[in-house]
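Here is how the chains run, residue by residue.
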Amino acid sequence: MSKTEAPFKSGYASLIGKPNVGKSTLLNRLVARKIAAMSAKPQTTRNKITGVVHLPGGQIVLVDTPGIHESSTKLNRAMVKASFSTYKDVDLILFLIDASQGFSEDDEYVLQSMQGVTTTKILILNKIDLVPKLDLLGLIDKMHKRALFEEIIPISALKKDGLDLLAPLILKYLPEGPQYFPETMITDCPEDFLIAEIIREKIINQTHFEVPYAVAVVVEQVEESKSDVLVIDATVYTERDSQKKILIGEKGAMLKKVGSLARKEIEKRFAIKVYLKLFVKVKNRWRDNDRYIKEFGYL
Ligand SMILES: Nc1nc2c(ncn2[C@@H]2O[C@H](COP(=O)(O)OP(=O)(O)OP(=O)(O)O)[C@@H](O)[C@H]2O)c(=O)[nH]1
Ligand SMILES: [Mg+2]
């Protein structure tokens, strides 16, 4: 008698949560490649970002989303809208919280936004490396009582704790389906976008106060030269002249540092030598201007 093979499973799972809970870190960990920008500052992710996890019996298409928060600028509203837009399009919602903060008011706000959404939900308690065991058990118990989630999974994305169990568990909740992406493909984000995000991540991590939030990066041109060097022109937009000065730094030191960090990562990501040219421009209050929000790729 021939053994029947288990059917191939595949589907979309979105990473949802308030800002800074580790959604992008988890995406990068599960895909085992760096795709999404990560930082210790909230509101890092601004777009939906796809990451494909290839498993022996199936394929998980993860969708990283911007952290959901009560939004102030038009940009923030567009970001949150992008997260909401996944609710009904995906097969599974992975609801992330920062276990070291318990289930906070901001998490409740995210949960409220899902009212009436019948998509299956799994609760992921991230950052358990920061939580004493007893507190964690208490949190799991409290969340079980809410009876809103199909599963509750404690992990540490940063320390890669619990991830071996998480991937097959996600697959369990996905339907039978086709291989959406070839095995060589880990994202469908365009190259320009990935490059812009690497540059923006370096800026977020090197600057402070309002600067990380006021920055947008647009890759203007990517060209491979005859000598196998990728020549990249990118513009960094800020909202004010004072922010532009900070970004350029004393004798150009900040721009040089950001450029050098970004160049090294782009070289690693695309396995090619890179010549990166950064320009800084000011677009007054672009975060409240529909035209610029669209132009910079957030609408
Ligand atoms: N200690 C600890 N830190 C973590 C863990 N996972 C993520 N972090 C940190 O949490 C911070 C936020 O991580 P991100 O992955 O950027 O969070 P995010 O949810 O994508 O944030 P937004 O894009 O702003 O919504 C970073 O400093 C990460 O290193 C974890 O398991 N343990
Ligand atoms: Mg993120």
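It should be noted that the structure appears before, not after, this text.
What comes next concerns the included structure. Keep in mind that this is a model prediction, so the values were computed, not measured.

## A word on the environment of Asn205
By the secondary structure assignment, Asn205 is in helix 6 (residues 191–206). For the pair Asn205 and Leu165, spaced 40 residues apart in the sequence, the C-alpha separation amounts to 31 Å. When residues no more than four places from it in sequence are discounted, the contact partners of Asn205 are Met38, Ser39, Ala40 and Lys41. Within polar-contact distance, the side chain of Asn205 engages the backbone oxygen of Met38 at 3.5 Å.

## Structural notes on the nonpolar core
In this structure, Leu26, Leu30, Ile60, Leu94, Leu166 and Ile170 are the most contacted members of the largest nonpolar core, which totals 32 residues. Breaking this core down by element, the ones donating at least two residues are strand 1 (9–16), helix 1 (23–31), strand 2 (49–55), strand 3 (58–64), strand 4 (92–98), strand 5 (120–126), helix 5 (163–172) and helix 6. Of the residues forming this core, the biggest block, six residues, is contributed by helix 5. Residues contacting Ile170, with those up to four places away along its chain left out, are Ala13, Leu30, Ile60, Leu92 and Leu94.

## Things to note about the sheet that holds strand 9 (residues 273–282)
Overall, mixed pairing links the three strands, which are arranged 7-8-9 in an open sheet. Because the sheet does not close on itself, it has two edges, and the strands there are strand 7 (216–224) and strand 9. Going across the sheet, the axis of each strand differs from the next one's by a mean of 20°, ignoring polarity. Looking at chain direction, strand 7 and strand 8 (residues 229–238) are connected through eight bridges and run antiparallel. Bridge pairing in strand 8 places Glu224 opposite Leu230.

## Structural notes on helix 2 (residues 74–84)
Residues of helix 2 that are buried: Leu75, Asn76, Ala78, Met79, Val80, Ala82 and Ser83. Buried positions along helix 2 lie against strand 1 and helix 10 (290–295).

## Topic: the site of ligand 1
Around ligand 1 sit 22 residues, and of these Thr25, Gln43, Thr44, Thr45 and Asp129 come closest. Val21 places a main-chain nitrogen or oxygen 3.1 Å from an oxygen atom of ligand 1. Note that an oxygen atom of ligand 1 is positioned 2.5 Å from one of the side-chain N or O atoms of Thr25. Starting from 650 Å² of accessible surface for ligand 1 in isolation, the protein chains cover 90%.

## A closer look at unusual backbone geometry
A positive phi angle, close to 65°, is found at Gln43, a residue other than glycine. Along the chain, Gln43 falls in the loop between helix 1 and strand 2. Looking at Gln43, the relative accessible area reads 25%, which means it is partly exposed. A positive phi angle, close to 65°, is found at Lys127, a residue other than glycine. Of note, Lys127 is situated in the loop between strand 5 and helix 4 (133–146).

## Some details on the packing of aromatic side chains
Any pair of aromatic rings gets described here by the distance separating the centres and the angle formed by the planes. Using the criterion set out here, one finds eight aromatic pairs in the structure. Among the aromatic residues, those joined into a cluster by ring pairs are Tyr237, Trp286, Tyr292, Phe296 and Tyr298.

## Quick word on the pattern of salt bridges
Taken as a whole, this structure holds 17 salt bridges when the rule is applied. A salt bridge links Lys34 to Glu265, with the nearest nitrogen and oxygen atoms 2.7 Å apart. One end of the pair, Lys34, is in the loop between helix 1 and strand 2; the other, Glu265, is in helix 9 (residues 253–270), with 231 residues separating them in the sequence. The exposure class of Glu265 is buried, given its relative accessible area of 19%. With a closest N to O distance of 3.5 Å, Asp288 and Arg285 form a salt bridge. Each of Lys34, Glu201, Lys202 and Glu265 takes part in a single network of salt bridges with overlapping partners.

How each quantity is defined
- Residues numbered from 1 in each chain as written.
- Chains lettered and ligands numbered in written order.
- Predicted model: local features only at pLDDT ≥ 70, side-chain atom pairs only at ≥ 80, totals over all residues.
- Heavy atoms only, no water.
- Helix = DSSP H or I, 4+ residues; strand = E, 2+ residues; numbered from the N terminus.
- Contact = heavy atoms within 4.5 Å.
- Polar contact = N/O pair within 3.5 Å; in protein donor to acceptor, adjacent residues only side chain to side chain.
- Core = buried A, V, L, I, M, F, W, Y, C linked by side-chain atoms within 4.5 Å.
- Buried < 20%, exposed > 50% of the residue type's maximum accessible area, 1.4 Å probe, protein only.
- Pairing = 2+ DSSP bridges.
- Axes fitted to C-alpha atoms, helices over the stretch in contact; angles between N-to-C directions.
- Near = heavy atom within 4 Å.
- Areas by Shrake-Rupley, 256 points an atom, 1.4 Å probe, with all protein chains shown as cover.
- Phe/Tyr/Trp six-rings, centres within 6.5 Å; stacked < 30°, edge-to-face > 60°.
- Salt bridge = Lys/Arg side-chain N within 4 Å of Asp/Glu carboxyl O.

All we've got here are geometric facts, nothing functional implied.
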